[in-house]
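# Structural features, examined
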There are 2 protein chains.
Amino acid sequence: EGKVWKGRAAGPGGLGLPPLAAAAGDAAGAAPSAPGCCFFHLVRRFWNQIFTCVSVRLRDSARLRRSHTDRIKASGLKLQLCTNETQATRESFVRKLRALGFDISVSQVTAPAPAACHLLRERGLRPHLLVHHDLVPEFAEIDKTNPNCVVLGDAAENFTYANLNEAFRLLIGMEKPVLISLGKGRYYKETDGLKLDVGAYMKALEYACDIQAEVVGKPSKRFFESALAELGVPPEQAIMIGDDIVNDVGGAQQCGMRALQVRTGKFRPSDENHPEVKPDAYVNNLAEAVDIILQEM
Amino acid sequence: EGKVWKGRAAGPGGLGLPPLAAAAGDAAGAAPSAPGCCFFHLVRRFWNQIFTCVSVRLRDSARLRRSHTDRIKASGLKLQLCTNETQATRESFVRKLRALGFDISVSQVTAPAPAACHLLRERGLRPHLLVHHDLVPEFAEIDKTNPNCVVLGDAAENFTYANLNEAFRLLIGMEKPVLISLGKGRYYKETDGLKLDVGAYMKALEYACDIQAEVVGKPSKRFFESALAELGVPPEQAIMIGDDIVNDVGGAQQCGMRALQVRTGKFRPSDENHPEVKPDAYVNNLAEAVDIILQEM
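Residues numbered from 1 in each chain as written. Chains lettered and ligands numbered in written order. Predicted model: local features only at pLDDT ≥ 70, side-chain atom pairs only at ≥ 80, totals over all residues. Heavy atoms only, no water.

## Some remarks on the domain arrangement of chain A
Many descriptions give the size of an interface as the accessible area lost when the pieces come together. Residue and element names in this part refer to chain A. As far as domains go, chain A holds domain 1 (45-111 + 219-292) and domain 2 (113-215). The gap between the C-alpha centroids of domain 1 and domain 2 is 24 Å. Taken together, the contact pairs 15 residues of domain 1 with 24 residues of domain 2. For the pairing of domain 1 and domain 2, the buried interface totals around 1,600 Å² over both sides, and the portion due to carbon and sulfur atoms is 48%. Inspection of the domain 1/domain 2 interface yields seven residue pairs in polar contact (both at pLDDT 80 or more). Per-class residue counts for the side of domain 1 that touches domain 2 are three nonpolar, six polar and six charged. (Domains from an automatic or database assignment. Contact = heavy atoms within 4.5 Å. Buried area = accessible area lost by both parts, 1.4 Å probe. Polar contact = N/O pair within 3.5 Å; in protein donor to acceptor, adjacent residues only side chain to side chain. Nonpolar A, V, L, I, M, F, W, Y, C, P; charged D, E, K, R; others polar.)

Encoded structure:
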């Protein structure tokens, strides 16, 4: 279980954080700050070098302010975007962010599909894909003949009755069914309303086959380890900033990182009483997180 | 947890069962008997009057042998069909069985949709229906304006991405989401292959909304109570015959009935090591169950 550090309210006076060697941006920075309601205090001796992983989904990119990532970049801190986005390849994801003006490279994005490909190769698995059309190229190099596992992503319109039955039949027909899920999110918001996320369909298949899926996106340990490997730092020198109490905060903490929850996006007041996960600190939004981190450098 | 009675192998010599006042048929009677592998022994003093509930689904009706139900009827025993069928109204279900030559009336069928209507009226609930087209008339008399709950059945082709998102949005928008599920089956077999059953979609919505559905079909206690009410007997005078270890056997036992599992249809050898449910006895098929019961009258 995570710890809660409560301390002085964040303010222009600074929080006594040690110098940082690198830092971050976030998916949920557009909501205005509610002054005076942020308590932030982190143990000084751990803060020698902070590398920040930031949760971002392309559909939220309107909320990812370029000014934040630019400030992080200007400070010399490193930034790694951690996304459970599985509606597009990492390349297309980065292309869209760059078109919006972000100075982001493909290696700065950790996403579930490349992690899944790594796992498939490692274990000689040949997937049947139930994923979004736009994600399929991510698996171009993977042998998909005579499938011996199912890879499930946020397939969106591909979540048809026929496709779900097909994935189910393949699984139930295996001696030891292997279901690999690119995340376990419950739902997300798009412009036309809330949508069931991959986790809901994962639960359906898990129940029908009486199995447990292997989750390769957030909050899996392997996912965060891969983000850290890209940054080249141990977990105690990185900090995760995200709005999802389980997938961002809980996942990063289980990997040995510390994690801030932003009180925007998916954040719900009830998160502060979550039975299993406690963030190391809360910030009202990404702007505030960046302010505090840069201020302490 | 159920008990296991193991005793003499079933055979022409009879099992010493007391006279029965009523008996049954089954959904899974077509598989040939495997001689010598049936162990059957029930405590004599309970067997004064046996009324049989039998699991049946219309899609399995080819396996429901008319000869069995005819023999039950000829013996003077009562029969109640217990179905989790939610792809058709009870009337249409009975019509189809009658067309196949079965002498069955509507009151002899216990099904989830009428049970759900009873519950909706009792609690003043106005459902949004995510059910099979052919089941909709069952809810004709129910107020469905401004829904304050979701009723989920085996919607089959109606399990579209759009319909699932719609049901989810309604639930997540409720202060206290109420999801009523017409069963919790994992999957079933149709001529064109295995299909995900209502239980899988129930799990998806449960997970997305972080709620527990109320199940009104098998294995809920209320469902079996309603079958017993139709027979007019207490649970200890009725016996359930079914192929589903959880929905048929477990559900009936939780209601105080005894239950036989037929080793046909959904039966899997691993059922005999089920961690929670133990049938009172096994029979190789419905024919054998009827043989044994009639032999003991």
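## Notes on helix α4 (residues 161-172) of chain B
Residue and element names in this part refer to chain B. Relative to the 16 Å expected for twelve residues at 1.5 Å per residue, α4 spans 16 Å between its end C-alpha atoms, a close match to the ideal helical length. Along α4, the positions that sit buried rather than exposed are Tyr161, Leu164, Asn165, Ala167, Phe168 and Leu171. The arc that holds every buried residue of α4, seen down its axis, measures 160°, which confines them to one face. (Helix = DSSP H or I, 4+ residues; strand = E, 2+ residues; numbered from the N terminus. Expected span 1.5 Å × (residues − 1). Buried < 20%, exposed > 50% of the residue type's maximum accessible area, 1.4 Å probe, protein only. Arc of directions from axis to C-beta.)

## Re the pattern of salt bridges
Oppositely charged side chains may form a pair once their charged atoms are brought near each other. The tally for this structure, following the rule as stated, stands at 16 salt bridges over all chains. The residue Lys195 of chain A makes a salt bridge to Glu190 of chain A at a minimum N-O spacing of 3.0 Å. Classification of Lys195 of chain A as buried rests on a relative accessible area of 7%. Between Arg263 of chain B and Glu272 of chain B there is a salt bridge; the shortest N-O distance is 2.8 Å. Three or more residues are tied together by salt bridges with common partners; here these are Glu190, Asp192 and Lys195 of chain A. (Salt bridge = Lys/Arg side-chain N within 4 Å of Asp/Glu carboxyl O.)

## Structural notes on the nonpolar core
Residues Leu152 and Leu179 of chain A together with Leu152 and Leu179 of chain B are the most contacted members of the largest nonpolar core, which totals 50 residues. The set of elements that each furnish at least two residues to this core consists of β5 (149-152), α4 (161-172) and α5 (198-209) of chain A together with β5 (149-152), α4 and α5 (198-209) of chain B. Beyond its immediate sequence surroundings of up to four residues, Leu152 of chain A is in contact with Leu130, Val131, Phe159, Leu179, Ile180, Ser181, Leu182, Val198, Tyr201, Met202 and Leu205 of chain A. (Core = buried A, V, L, I, M, F, W, Y, C linked by side-chain atoms within 4.5 Å.)

## Quick look at the environment of Val262 of chain A
All names here are of chain A. If you trace the backbone, Val262 turns up in strand β11 (residues 258-262). On the accessibility criterion, Val262 (0% relative accessible area) is buried. For the pair Val262 and Asn146, spaced 116 residues apart in sequence, the C-alpha separation works out to 44 Å.

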